[in-house]
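Given next are the chains, with one letter for each unit.
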Amino acid sequence: MGSTLPILILAIPLFMFLLLGLGGVKMPRKVCGVLGILGMGTTMTLAYIVALSYFFCPEFTVDGVRQQVMVFDQTWLSFTDTLVVNLGFLLDPICAMMLMVITTISFMVHLYSWGYMEHEDGFQRYYAFLSLFSFSMLGLVVATNIFQMYIFWELVGVSSYLLIGFFYKLPSAVSASKKAFIVTRFADLGFLIGILILSFYTDTFNFVEMTSNPGQVLAECGGATFMGASVLTWAMVLIFTGGMGKSAMMPLHIWLPDAMEGPTPVSALIHAATMVVAGVYLVARMFPVYCIAEGSMTFITVVGAITAFYAAVVACAQIDIKRVLAFSTISQIAFMMVSLGVATDSPYIKGEFYGGLGYMASMFHLFTHAMFKALLFLGAGALIHAVHSNDYTKMGGLRKYMPITHWTFLIGCLAIAGIWPFSGFFSKDEMLAAMFESHWFWGAWMTMVAGLTAFYMFRLYYLIFWWEENPEYKHHTPHDSPWQMSLPLIILAAVSCVAGFIPFGEFVTWNRMPYHIHIELPVAATSLTVAVLAIALATVMYRKKNPLPERMRNLFPALWTAAHRRFYWDEIYQFITHKIIFGIICKSIAWFDRHVIDATMDGFAKITNCASSAIKGFQSGNVQAYVAWYFIGAVLLAGITWLCFI
Amino acid sequence: MLFGNILIWFVIIPVIMLAGLGLCRNSSMNAIRSVMVVGSTALLGLAIWLCCDFLRLREMGVDDEMLFTGSWMWYAPLNIHLAVGVDGISVLMLMLSAIIVFAGTFASWKINPLPKNFFLWFCLLSTGVFGFFISIDIFTMFMFYEVALIPMYLLIGVWGTGRKEYSAMKLTLMLMGGSAFLMLGLLGIHWLSPEVDGAHTWNLLEIAKLGVDESWQRMLFVFTFVGFGVLGAMFPFHTWSPDGHACAPTAVSMLHAGVLMKLGGYGCFRISIYLLPQAANELAWIFIILTGISIVYGAFSACVQTDLKYINAYSSVSHCGMVLFALLMLNQTAMTGGILQMLSHGLMTALFFALIGMIYGRTHTRDIRQMGGLMRIMPYLGVCYMIAGFASLGLPGLSGFVAEMTIFFGSFQDADTFHRIFVICATCSIVITAVYILRVVGKLLLGPVYDDHHLSLTDATWFERLSTVTLILCIAGIGCFPNWINETIQASFSPIIAAIQNTGILAAI
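Because the structure is a prediction, the values reported are computed rather than measured. (Residues numbered from 1 in each chain as written. Chains lettered and ligands numbered in written order. Predicted model: local features only at pLDDT ≥ 70, side-chain atom pairs only at ≥ 80, totals over all residues.)

**Some details on the environment of Lys262(B)**
Residues and elements named next belong to chain B.
So, step 1. Following the sequence through the fold, Lys262 ends up in helix α10 (residues 250-275).
So, step 2. Look at Lys262 and you get buried, because 27 C-beta atoms sit within 10 Å.
So, step 3. When the C-alpha positions of Lys262 and Cys480 are compared, they lie 23 Å apart, and in sequence the two are 218 residues distant.
So, step 4. Other than its neighbours up to four places away in sequence, Lys262 contacts Met93, Met342 and Gly346. (Helix = DSSP H or I, 4+ residues; strand = E, 2+ residues; numbered from the N terminus. Buried ≥ 20, exposed ≤ 12 C-beta atoms within 10 Å, placed from the backbone. Contact = placed C-beta atoms within 7 Å.)

Below is the structure:
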């Protein structure tokens, strides 16, 4: 494959960013919108050409193994002779899949935003930032080395910051963007230190070198240990903290719900489908090394399992529909993390061919989740657009007014709940099968989370579209959105219906060899039953206005309040950052600087001043005084001479 | 031939500018501006030409340590020469100075009162700075160093704001205190190096070859490092920086933070480390502790300041601490990072101070509590401020990222626990930096407009735009295409690294 198309995939969004960013102010809105959409459309077409030709051209498969193709790899910065940072384009199955996901969702969002953002100030700036984000995210997934990934990792962080803070006149948006950036920056510190350690021992950043021979990485790290864990484990866990930040794992999840302050299409693109799965992608990228770093996979599994449950519980008690979706995103990403964590690189377990099922399932879920979660977010955007509020209390009974939104939203809910034949069913089934394969506990635990997922999604669905009509509709009748907004909904809903039938294992596996998926019947039956029961429960509770939810809430008031307040994580962070770091550390250092260090310097000046005023009397200009001092001096000198020499 | 040497022109042009300004009438603003614009453009052109010529010669395989060398005796009894020569690092420093002088000229387009006198001192300051970077005779170097320091006193004392007399006095006295140490150190280096042709030499290339008496090296290292460290805002000698910057006029802050503080870092490696390698190996740990403190301490202090200039002054303490920290790691990658950080910090701090000056000129306050939502009122300045902020917190694609990463990856090469701990502390600064930068951006630029009077303010004028665009282009240029600069610097470090390694095994603590 020539390198022209891959370069264009990156260059077009970058060019659009510069064009719209620098010249956007002088362009009319329409031109900007059309340019943005056309640019992204071209990028999407190119990405599909590249990805599909990668999957289907025989030249990329040797002996049944898909090759990792280094399309190009340019030196960008050389730290030492051996430790060199390259910028390049690595084409392999997960990269090709991500190219399709990112460009598809990004294109849908570009199109959707044309309707959604039409009346907002800074329309041009918005499209420029979207292009910047697309560029950074594409750069991240095509990275040939971990440092390139880190570079684009920071760039997606800043694009996310800019887009969350898009409505910068609102203080809440400003603080949300700041929070998102700082929390992920803190996580990136771990990522950076991890890279420092790993590159120090392996003397390379290159993914291919590290993942093709993880045994050597382990050998290079040697037997050095630190606090009971090997250096490699430390490095990999630290790198994973970067992923925890971006993918909003506990305890670094706090920024994602607040990030919903950004425009809704942005939430769909960045905070549901693409950027937040960067952590999963990172683990998948380094998968063989994670497998060999003892303990790191267990860490990932545990973090994922706790986060998945926590987020699902919290999602049951939120009022803002975007926050419900945000917590559901956290929970679903945690699902992918657990699935990766339980995957192993050994092809056989208990004599059965296994081959990293969890890895494949995780990637599969990443793919399906991106589609249906983007659909749900865009649907939520349509609702907010119609009702002008984020609260479900202002909605209810909307199914009659917004049929397109209703049906597409329902498809999204069915997909995320894991109902056959929607896409979520297939990917979730594979993930659960992998978990049961690893240990029954993880399987059972995550099945429970899957049940909670079905429950809170249908709670949301019923509260929005059924329950009781908001009386305000009489004054202001909600209606479906313009075609630019409806079209992406319909396309994504169609994808969510059929994506499950893609033989995903044929394309994306950890060792890049085809893997035949088959539905694990017992697992599928269990999870389907649980999901159906959860939906039934939600139907009973929320289909029509009834006092049951109120009674349930009063049964466990403390639990409801705690879940509604997200188990007080924000308050804890608030306390640590404001009271301890700002209030105690920073203030005391600033005080110390002014009143100790600076005062010492001033003290020198004062002492000099005092000394000079103390002795300036000698220089009085008074002849008698001079004579007197002369005699005193002479007598003293004579005295000393006499004492010493005579 | 004196005038045949390209380097001499870096001093001659400012002197001609001084003369030209002397001829202008105090009231004719246009004449003064013309002199400044022509002069600073000439300097910038000269710097670019020098840079190209230097790279061309290197490309041709000329691998002398210093190029364009020349030496002219100017005080025979003490064997003092006007000796000049540049390696890659000095070339980049000259470039940086020329860019900042150029940007500074436009940033002080409307200086008031006494524009003529302001620019006279400004030119004298530039003379000192350029002279310092071209010299390889340590006495001449010191002389230019002093030439650069003195105008600062008047520039702050006369054209400054706030407690200007106090700050000017404090800055000058503290830097002079540093100079006193430095003088002792330099005299020591001179007298304690072996004689050449029956006389002690001041030429640093010769001294480096001959070596300084080992029993005295440690004391001399401390003297010179502290002397230069004061100017490099090393903890605990940094307190002149917040007050000095806060009171200085825009262009002076720019030149001071952008270039003058670099004199400190430059001197540290060119004299302290290069000439006294043995002592550098043995004593680096003391200064690693101090600069390590600087990095974190400056960043934390910046978090609670409310005056824009104080925030940037403390941020400079942190970033300049990073420069010295990197240099003290005594390996090629980290030291390269240190120089990159000097360039990066010079450009972005100059940009910051230019923008603060422009904002202050409109709102008449620098207190972030009394401003807000400026992005809506002056979008151009707001965007520039954000870019400067992103450069400061190390966003890829801008210069700060390249510099910091080179420093971290270089410093991490030292495998012992002591270095590791300090490197990890230093990396923490990337988070703290993000905190204070975003805090300022959030309060100053975003959010609702705080003061309705600000709504009538205007955006940047053409000369302000020119000044900022120049700096932003350089910042983005280094950030996007760092490798040629990186390689130039790395190549220039070879003799210094060789000197350090010749002294034997690196001192382990």
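**With respect to the pairing of strand β4 (residues 84-91) of chain A**
Residues in a regular strand project their side chains so that they alternate between the two faces of the sheet.
So, step 1. Across the eight residues that make up β4(A), a large majority, six, are buried.
So, step 2. What sits between strand β3 (residues 69-78) of chain A and β4(A) in their antiparallel hairpin is a turn of five residues. (Pairing = 2+ DSSP bridges.)

**Some thoughts on the interface of chain B and chain A**
So, step 1. Opposite the 37 residues of chain B that make contact, chain A presents 37 residues.
So, step 2. Elements that contribute at least two residues to the side of chain B that touches chain A include exactly α6 (164-191), α11 (277-303), α16 (399-411), α17 (417-445) and α19 (483-502) of chain B.
So, step 3. Of the residues forming the side of chain B that touches chain A, the biggest block, nine residues, is contributed by α17(B).
So, step 4. Here the side of chain B that touches chain A is built from residues that sort into 25 nonpolar, 12 polar and no charged. (Nonpolar A, V, L, I, M, F, W, Y, C, P; charged D, E, K, R; others polar.)

**What to know about the confidence of the model for chain B**
All names here are of chain B.
So, step 1. Of the residues in chain B, 99% have a pLDDT of 70 or more, and the chain-wide mean is 87.
So, step 2. Counting interchain partners and residues more than four positions distant, the pLDDT-below-50 stretch residues 505-509 has eight contacts.
So, step 3. Across the assembled chains, the prediction reports ipTM 0.91 with pTM 0.92. (pLDDT = per-residue confidence, 0-100.)

**Points about the pairing of strand β2 (residues 80-86) of chain B**
So, step 1. For β2(B), the buried fraction is high: six of the seven residues fall into the buried class.
So, step 2. Hairpin connection from strand β1 (residues 67-75) of chain B to β2(B): four residues lie between these consecutive antiparallel strands, with Asn79(B) at a positive phi of about 65 degrees.

**Points about the nonpolar core**
Side chains that are nonpolar tend, in soluble globular proteins, to be buried together.
So, step 1. In terms of nonpolar packing, the biggest core is built from 441 residues, with Ala374(A) and Leu355(B) touching the most fellow members.
So, step 2. Considering each element in turn, this core owes the most residues, 22 residues, to helix α16 (residues 357-387) of chain A.
So, step 3. Ala374(A) has contacts with Ile105(A), Met108(A), Ala268(A), Ala272(A), Ala273(A) and Leu492(A), leaving out every residue within four places of it along the chain. (Core = buried A, V, L, I, M, F, W, Y, C linked by C-beta atoms within 7 Å.)

**What to know about the environment of Gly373(B)**
So, step 1. Looking at the secondary structure, you find Gly373(B) in the loop between α13 (332-363) and α14 (374-377).
So, step 2. Using a count of 22 C-beta atoms within 10 Å as the deciding quantity, one classes Gly373(B) as buried.
So, step 3. Spatially, the C-alpha atom of Gly373(B) lies 37 Å from that of Cys123(B), the residues being 250 residues apart in sequence.
So, step 4. If we ignore the near neighbours within four places in the chain, the residues touching Gly373(B) are Lys169(A), Leu446(B), Gly447(B), Pro448(B), Val449(B) and Tyr450(B).

**Some words on the packing of α16(A) against helix α20 (residues 483-498) of chain A**
Residues and elements named next belong to chain A.
So, step 1. Running from N to C, α16 and α20 cross one another at 150 degrees; their axes reach a closest spacing of 9 Å. Taken as axis vectors, α16 and α20 run roughly antiparallel relative to one another. Like other packed secondary-structure pairs, α16 and α20 cross with a definite hand, here left-handed. Judged by residue contacts, Met371, Phe372, Ala374, Leu375, Leu378, Gly379 and Ala382 of α16 engage Met485, Pro488, Leu489, Leu492, Ala493, Val495 and Ser496 from α20.
So, step 2. Residues belonging to the contact of α16 with α20 are distributed by class as follows: 12 nonpolar, two polar and no charged. (Axes fitted to C-alpha atoms, helices over the stretch in contact; angles between N-to-C directions. Parallel < 35°, antiparallel > 145°, perpendicular 65-115°, else oblique. Left-handed = near helix turned anticlockwise from the far one by under 90°.)

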